[in-house]
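# Fold and geometry: a report
The primary structure of each chain is shown beneath.
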Amino acid sequence: MIKLYENNPYLREFNSKIIRIDKENKLIELEESAFYGKSGGQPGDTGSIITELKTIEVKETFKEKDLLLHQVNTIDGLKIGHKVKGNIDWKRRYKYMKMHTALHLLCAIIPLGVTGGQIGEEKSRLDFNADTNSINKEDSQKKLDEILKNNHKISYNWIENEELEKKTDLIRTMSVKPPKTNGKIRLVKIGNIDLQPCGGTHVNETSEIGSIIITKIENKGKMNRRINISLSD
Ligand SMILES: [Zn+2]
């Protein structure tokens with residue numbers, strides 16, 4: 001399964017082939033796909049798959065180990081080997097790309113472990129391993145604004161698993177291990193302000209995000225500060 005979004009997160013349309021059909025659960029697997037599979041707090045992509053016969057709705061995309069499973073509204077008439085065209089709901093996905101990159105910037109200004117997170121179209125959140133009052137809303141907002149005054153480019157680099165294990169300081173998420181593709185892990189670098197392994201989709205440069213607003217910081221448990229954000233536009 002080739003994940004086309006790993007090399008080009010801006011790909012909205014692609015050609016592929018059906019390689020597996022799970023009739024009972026209405027799931028389709030494609031030879032390659034640009035649909036992001038729900039993982040790491042980022043929702044799965046929706047959209048459509050166009051076959052020679054008809055257009056099928058993709059209601060959700062899941063990730064199962066290294067596979068992407070497309071949840072569709074119907075599998076009637078579909079056969080393994082059918083050529084298809086995939087179309088992702090770009091408006092929704094682009095919002096997730098901006099939000100996802102914005103959460104990396106939170107990591108850049110708060111040098112603490114991440115315990116969880118969720119990306120949404122209108123708001124997103126990231127939980128840090130921090131005690132009550134250790135993260136100040138106004139200070140954090142100021143730091144974010146400062147970072148966004150400059151445009152930082154996002155770049156990628158693949159490394160071997162053993163290499164990453166030697167660099168444990170790069171792993172920010174405490175509960176989930178970074179995803180692997182063919183045994184390799186992707187490092188995501190934002191200018192010189194953030195570097196961490198991540199399998200999600202990001203924008204090309206931080207100027208695409210607009211401004212990030214910290215809406216509230218909550219205490220969720222003893223060592224858990226939740227930072228909620230929204231984007232300006
Ligand atoms: Zn990421």
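Numbers given to residues run from 1 along each chain, matching the order in which its sequence is written. Reporting of local features is limited, given that this is a predicted model, to residues whose pLDDT is at least 70; pairs of side-chain atoms are given and counted only at 80 or more, and all residues count toward the totals for whole chains, interfaces and linings. The basis for every side-chain value is the complete set of non-hydrogen atoms in the structure, without hydrogens or water.

## A few points about the sheet that holds strand β3 (residues 27-30)
If you trace the 6 strands once around the closed barrel, you get β2-β3-β7-β6-β5-β8, paired in antiparallel fashion. Shown here is a sheet whose adjacent strand axes are inclined to one another by a mean of 45°, direction ignored. Relative to strand β8 (residues 83-88), strand β5 (residues 47-50) is paired through 4 bridges, and the arrangement is antiparallel. Across the sheet, the residue bridging to Ile49 is Gly86, located in β8. Pairing between two strands requires that DSSP report at least two bridges joining them. Starting at the N terminus, helices and strands are each numbered in turn, a helix being any DSSP run of H or I of at least four residues and a strand any DSSP run of E of at least two. To define axes, lines are fitted to C-alpha atoms, for helices over the stretch in contact only, and angles between the resulting N-to-C directions are given on a 0 to 180 degree scale.

## Some details on the packing of aromatic side chains
The rule is short: rings of Phe, Tyr and Trp, with Trp giving its six-membered ring, pair when the centres are within 6.5 Å, and they are stacked under 30 degrees, edge-to-face over 60, tilted in between. Going through the model one piece at a time under the given rule, you end up with 5 aromatic pairs. Seen in terms of ring centroids, Tyr10 and Trp90 are 5.9 Å apart; in terms of plane orientation they differ by 45°. Their pairing is tilted. Taken as a pair, Tyr10 in the loop between α1 (4-7) and β2 (13-22) and Trp90 in helix α2 (residues 90-109) lie far apart in primary sequence, 80 residues in all. The interplanar angle of 25° and the centroid separation of 5.5 Å between the aromatic rings of Trp90 and Tyr94 together place this pair among those described as stacked. Placement of both Trp90 and Tyr94 in helix α2 is noted, with a separation of 4 residues, approximately one turn of the helix. Residue burial is assigned from relative accessible area. The probe radius is 1.4 Å, only protein chains are included, and a residue is buried under 20% of its type maximum, exposed over 50%, and partly exposed in between. Classification of Trp90 as buried rests on a relative accessible area of 14%. On the basis of relative accessible area, Tyr94 is assigned to the partly exposed category, the value being 22%. Put simply, the rings of Tyr10, Trp90 and Tyr94 pair up and form one aromatic cluster.

## A look at helix α3 (residues 137-148)
For α3, built from 12 residues, the straight-helix expectation of 16 Å at 1.5 Å per residue is met to within 8% by its first-to-last C-alpha distance of 17 Å. Of all the positions in α3, only Ser140, Gln141, Leu144 and Ile147 are classed as buried. Looking down the long axis of α3, one finds its buried residues gathered within 125° of arc, a one-sided arrangement. Exposed side of α3, more than 90 degrees from the buried face: Glu138 and Lys142 are the residues found there. A contact between two residues is defined here by any heavy atoms of the two lying within 4.5 Å. On the buried face of α3, the contacting elements are α2 and β15 (212-219). Here α3 starts with a cap whose side-chain oxygen sits 3.0 Å from the backbone nitrogen of Glu138, and that cap is Asn136. Given the number of residues in a helix, its expected span is that number minus one, multiplied by 1.5 Å. To be clear, the arc concerns the directions from the helix axis to the C-beta atoms. Nitrogen and oxygen atoms within 3.5 Å of one another constitute a polar contact, given that in protein one can donate a hydrogen and the other can accept it, and given that sequence-neighbouring residues count only through two side-chain atoms.

## Description of the side chain of Ser33
If you trace the backbone, Ser33 turns up in strand β4 (residues 32-33). Within the local environment of Ser33, its side chain forms a polar contact with the backbone nitrogen of Phe35, the two atoms lying 3.0 Å apart. In this structure, Ser33 is in contact with Met1, Ile2, Lys3, Leu4, Tyr5, Phe14, Leu68 and His70, ignoring residues within four places of it in sequence.

## Regarding the coordination of the zinc ion
Only nitrogen, oxygen and sulfur atoms qualify as donors, provided they sit within 2.8 Å of the metal or within 3.2 Å for Na, K and Ca; with water excluded from the atoms, sites may seem incomplete. Coordination of the zinc ion by the protein involves His100 (NE2), His104 (NE2), Cys198 (SG) and His202 (NE2), with metal-donor separations of 2.0 to 2.2 Å. Every geometry call rests on angle ranges, with four donors termed tetrahedral when all angles are between 85 and 135 degrees, four termed square planar and six termed octahedral when opposite donors are over 155 degrees apart and all others are between 65 and 115, and everything else termed irregular. Coordination at the zinc ion is tetrahedral: its 4 donor atoms span angles of 99 to 123° at the metal. The sequence pattern formed by the donor residues of the zinc ion is H-x3-H-x93-C-x3-H. Of this pair, His100 and His104 are both found in helix α2, 4 residues apart, which corresponds to roughly one turn of the helix.

## Notes on the pattern of salt bridges
Salt bridge, as used here: a side-chain nitrogen of Lys or Arg that lies within 4 Å of a carboxyl oxygen of Asp or Glu. One pass over the structure, following the stated rule, counts 13 salt bridges. One salt bridge connects Glu29 with Arg20, and the closest N-O pair in it is separated by 2.8 Å. Judged by its relative accessible area of 7%, Glu29 falls in the buried class. We classify Arg20 as partly exposed; its relative accessible area is 36%. Between Glu146 and Lys149 there is a salt bridge, with the nearest N and O atoms lying 3.2 Å from each other. Three or more residues joined by partner-sharing salt bridges are found here, namely Lys95, Glu121 and Glu122.

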